[in-house]
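# Examining the three-dimensional arrangement
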Amino acid sequence: MIGYIRGELIEKQPPHLVIETYGVGYEIEASMQTFFKLPTVSSDIKLYTHFVVREDAQLLFGFFDRLERTLFRVLIKANGVGPKLAIAILSGMSTAEFSACILREDAATLTKIPGVGKKTAERLVVEFKDKIATLGLDQEQDFVLTGAELPSAAFNTNAYIEEAQSALIALGYKPVIATKAVAAAHKKIGTVNSCEELIRVSLKSMVS
């Protein structure tokens with residue numbers, strides 16, 4: 001089992017990234033909550049990981065902190081939840097927000113995440129209600145965008161919009177919904193400094 005990876009952040013293409021360590025580039029899939037906390041490319045980072053082996057693929061998932069990885073590992077043990085859906089859930093809300101949904105039995109909010117139907121949401125509420133306190137999933141840590149900002153000349157709004165739309169589609173949102181959400185986020189933000197900013201506002205609007 002690979003517990004964590006420390007190295008240079010080579011590439012960020014939400015929800016995928018590449019970390020190079022000792023000359024090897026590891027392709028990693030991460031939730032958007034983790035992406036929001038990543039520094040700029042070429043920075044040194046450490047991510048906690050979970051390795052999934054399937055008949056057709058070997059997948060490595062990365063998490064900014066142990067708490068998010070803990071929730072991921074519990075989620076994929078739930079009936080009807082695989083790694084892709086778990087990443088979608090973790091992208092749509094923080095661990096504390098997920099815990100709040102469970103504790104107030106708010107299955108309706110969970111169904112706003114792509115791939116989470118009514119039955120799955122209700123099942124998650126039942127399965128997780130007694131686990132929240134023991135797992136410490138109600139510890140809130142607000143995410144912040146880190147790393148130095150790019151100079152204004154490097155801003156490319158159209159590229160950010162396309163990248164944000166692609167990321168939401170990769171998370172399971174329908175193209176039409178992703179396009180509308182990103183457009184609304186762009187209008188709300190005004191000057192866009194990163195695709196992560198667009199994704200963050202888009203996700204908040206779709207699950208709130």
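About the cut-offs
- Residues numbered from 1 in each chain as written.
- Predicted model: local features only at pLDDT ≥ 70, side-chain atom pairs only at ≥ 80, totals over all residues.
- Heavy atoms only, no water.
- Helix = DSSP H or I, 4+ residues; strand = E, 2+ residues; numbered from the N terminus.
- Contact = heavy atoms within 4.5 Å.
- Salt bridge = Lys/Arg side-chain N within 4 Å of Asp/Glu carboxyl O.
- Buried < 20%, exposed > 50% of the residue type's maximum accessible area, 1.4 Å probe, protein only.
- Pairing = 2+ DSSP bridges.
- pLDDT = per-residue confidence, 0-100.

Here E68 shows up in helix 2 (residues 66-75). Put simply, E68 and E122 are 54 residues apart on the chain and 21 Å apart in space, counted from C-alpha to C-alpha. When residues no more than four places from it in sequence are discounted, the contact partners of E68 are S31, Q33, T34, F63, L90 and T95.

Taken as a whole, this structure holds six salt bridges when the rule is applied. Among the salt bridges present, the one from K37 reaches D65, with a minimum N-O distance of 3.3 Å. Here K37 is found in the loop between helix 1 (32-35) and strand 4 (44-53), whereas its partner D65 is found in the loop between strand 5 (58-63) and helix 2, with 28 residues between them in sequence. For K37, a relative accessible area of 13% translates into the label buried. A relative accessible area of 17% means that D65 is categorised as buried. A salt bridge links D56 to R54; its shortest N-O distance comes to 3.1 Å. Taking the relative accessible area as the measure of exposure, R54 reaches 42% and is therefore partly exposed.

A word on the pairing of strand 3 (residues 24-30). Two strands pair when backbone bridges link them, and strand 2 (residues 16-21) and strand 3 are joined in this way by six bridges, in the antiparallel orientation. Within the sheet, the bridge partner assigned to I19 lies in strand 3 and is Y26. In this structure, the hairpin formed by strand 2 and strand 3 is closed by a connection of two residues, where Y22 is found at a positive phi of approximately 50 degrees. Where strand 3 lies against strand 5, two bridges are found, and the strand directions are parallel. Looking at the pairing, E29 lines up with F61 of strand 5.

Of all residues in the protein chain, 90% attain a pLDDT of 70 or more, and the chain-wide mean is 86. Segment residues 140-155: pLDDT under 50, and 28 contacts once partners within four positions in sequence are set aside and those in other chains are kept.

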